[in-house]
Amino acid sequence: MPGGQQPQKHYGITSAISLAPPREIDHLYTKKLCDAMKPFGVFEDEEELNHRLLAVLGKLNNLVKEWIAEISELKNLPPSAISCVGGKIFTFGSYRLGVHTKGADIDALCVAPRHVERIDFFQSFFEKLKQHEEIKDLRAVEDAFVPVIKFKFDGIEIDLLFARLALQSIPDNLDLRGDSILKNLDIRCIRSLNGCRVTDEILYLVPNKENFRLTLRAIKLWAKRRGIYSNILGFLGGVSWAMLVARTCQLYPNAVAATLVHKFFLVFSKWEWPNPVLLKQPEDSNLNLPVWDPRVNPSDRYHLMPIITPAYPQQNSTYNVSTSTRTIMTEEFKHGLSVTDEILQGKAEWPKLFEPPNFFQKYKYVFIVFVQMYLTQPELIGLVESKIRVLVGNLERNEYITLAHVNPQSFPGSKENLNENEFVSMWFIGIIFKKVENAESVNIDLTFDIQSFTDTVYRQANNINMLKDGMKIEATHVKKKQLHQYLPPELVQKKKRVCCFALFCRLTRLFLVPFILSFFSSPPHSGSKAKTIPTIDTSRTQVFNSVLLNVLVHFYLFKCSCCRFQRLPSMELPDASSPLPASNSCRVVKNSIKLALNRHK
């Protein structure tokens, strides 16, 4: 290299797009970006950070070591082995990445040596946690895809996984990144380890951790504000957003956060899905574990938006993405690019990027999923939420539906006719229908689509003994004008518009009335000093009548044109209450689609 410079380290599977260093103005935009994020509580203060590290994670780590020593003694290990048996708590997710927000939960992993079994974790360790006075809301989910114990430790929510390694002891300096650590492990332990291994690999593969973290904070805040942050509903979860940001950092290794946010939208608004996003070339560790590979696995070929985890065994973190959610996210990438273009051109400020869309004004047709349950059944909300994408998939497959958009935010329902220990939760799904040509009327029957969803939820709730008398699951359709019956007024109110008639009146008052007075008024005779009353010049009446008639005719045509476009949006079908459309459009007469599930054991 000229001048004795060393070549910059290569990151990712391709070379960088740009190695340009940041300019002074880029640092200024980054500072403004930080200022714009502060009101949303994305930065944790020093006091809260110390509380998590010392008071919570430190105590939990000591608790794990105590428990493993007790189990070792019960299993008759010699005292010399018990003294060094170890055990450790690892963190992963947003906390490990360094992008946790105020009050966020902590994802953690308990790593134990080979003589400690999973049943010990869910029995004796669970009982040990029960006895700890700082631990509240303790519950075990042993039959989950990734088994977990959930609890609050001194007010901080913790999801604790378990992995048993094929080692005699667990040292404090244990590194989980090596693939050899996966040897002789069962699949549940491998899944539990995967979170930590992926998080550590992401941090290892980015050129500048601080720039990565600040950019990821901004993108996660943007995704939450725009309603596209939810893996369970078919959007992207935290690890997927982290990998997209990490890939952007690899392509622009010297850029600061403000530039990286803009480049993020530039790259992924133009990304040709389903080409996968990879942070490094997949490696085969010869452990015979299933990995994402569309050349070998036919099911992997149908993934719409693959983002592949960098740690072995490589998996697609976005298998829940559907046609609708990919379309919605792609449009949001384009919107983000447009806004950041304006910001970097000095035409807008960063808060504009975090403005939420008005979901309830966007869609003319909306489905509501109601769940009525007991206060002692909060886990039922998670069950229903995990199955809403089944309903979205059913709707997407309907030949008349273009897009089904579920709002990630759930809303409390009305408390009327409910007991004190009951409550209702609601999810909203916006629908866009296809425009059907050459049809006078179209009947759309969604009964089977919705029934299959409610049956799926019912069966699973019944299988895990969650179904109780009085529980009700219902999916129904409402029109936009009926939303005020379910939601607060501020969510469904339209922005105030000046109607055509009001606009016409204002223009008349400002311009036409003064014109009429001046047009018909005869000026006083010159040389006369006395005050005179203006007289009407009747010779101009015919001209005025012609002008007035033309104004009224044009206003009438303008008014009719506005009304027609407001009633029939271009991309939606009219419903039965809409006025008759032109002959080249169509009307939809919907069959009853209101379904209620109220079965008893």
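Conventions we followed
Residues numbered from 1 in each chain as written. Predicted model: local features only at pLDDT ≥ 70, side-chain atom pairs only at ≥ 80, totals over all residues. Heavy atoms only, no water. UniProt positions renumbered as here; feature names shortened; annotations may be inferred. Pairing = 2+ DSSP bridges. Helix = DSSP H or I, 4+ residues; strand = E, 2+ residues; numbered from the N terminus. Axes fitted to C-alpha atoms, helices over the stretch in contact; angles between N-to-C directions. Contact = heavy atoms within 4.5 Å. Buried < 20%, exposed > 50% of the residue type's maximum accessible area, 1.4 Å probe, protein only. Expected span 1.5 Å × (residues − 1).

- As recorded by an unreviewed UniProt entry, the chain carries the name Poly(A) polymerase and is attributed to Xiphophorus maculatus.
- Check the Subcellular location (unreviewed entry) section of the UniProt entry for the chain; it says "Nucleus".
- If you open the UniProt record of the chain and go to Catalytic activity (unreviewed entry), you find "RNA(n) + ATP = RNA(n)-3'-adenine ribonucleotide + diphosphate".

1. Concerning the sheet that holds strand β2 (residues 106-112)
Thinking step 1. Read from one edge of the open sheet, five strands run β1-β2-β5-β4-β3, paired in mixed fashion. Of all the strands in the sheet, the pair left with one neighbour each is β1 (88-92) and β3 (135-141). Across the sheet, the mean angle from the axis of one strand to that of its neighbour is 25°, orientation sign disregarded.
Thinking step 2. In the sheet, β3 pairs with strand β4 (residues 148-153) via five bridges, with the strands oriented antiparallel. Following the sheet pairing, I135 is matched in β4 by F153.
Thinking step 3. Most of the contacts of helix α5 (residues 118-130) go to β3, to which it runs at about 165°, and overall it touches β2, β3, β4 and β5 (156-164).
Thinking step 4. Strand contacts of helix α6 (residues 187-205): β1, β2 and β5, with the helix running at about 120° to β5, the strand carrying the most contacts.

2. What about the environment of V339?
Thinking step 1. Structurally, V339 is set in helix α10 (residues 323-344).
Thinking step 2. When the C-alpha positions of V339 and H262 are compared, they lie 9.0 Å apart, and in sequence the two are 77 residues distant.

3. With respect to the environment of I170
Thinking step 1. Assignment of secondary structure puts I170 in the loop between β5 and α6.
Thinking step 2. With relative accessibility at 2%, the residue I170 sits in the buried group.
Thinking step 3. Between the C-alpha atom of I170 and that of C84, which follows or precedes it by 86 residues, the distance is 8.2 Å.
Thinking step 4. Apart from the residues lying within four places of it in its own chain, the contact partners of I170 are V85, G86, G87, K88, V111, A112, P113 and L165.

4. A word on helix α8 (residues 238-251)
Thinking step 1. For α8, which comprises 14 residues, the first-to-last C-alpha distance of 20 Å matches the rise-based estimate of 20 Å (1.5 Å per residue) to within 8%.
Thinking step 2. α8 sits mainly inside the fold: 12 of its 14 residues count as buried.
Thinking step 3. Looking at the buried positions of α8, the neighbouring elements they touch are α4 (93-97), α6, α7 (209-225), α9 (257-269) and α10.

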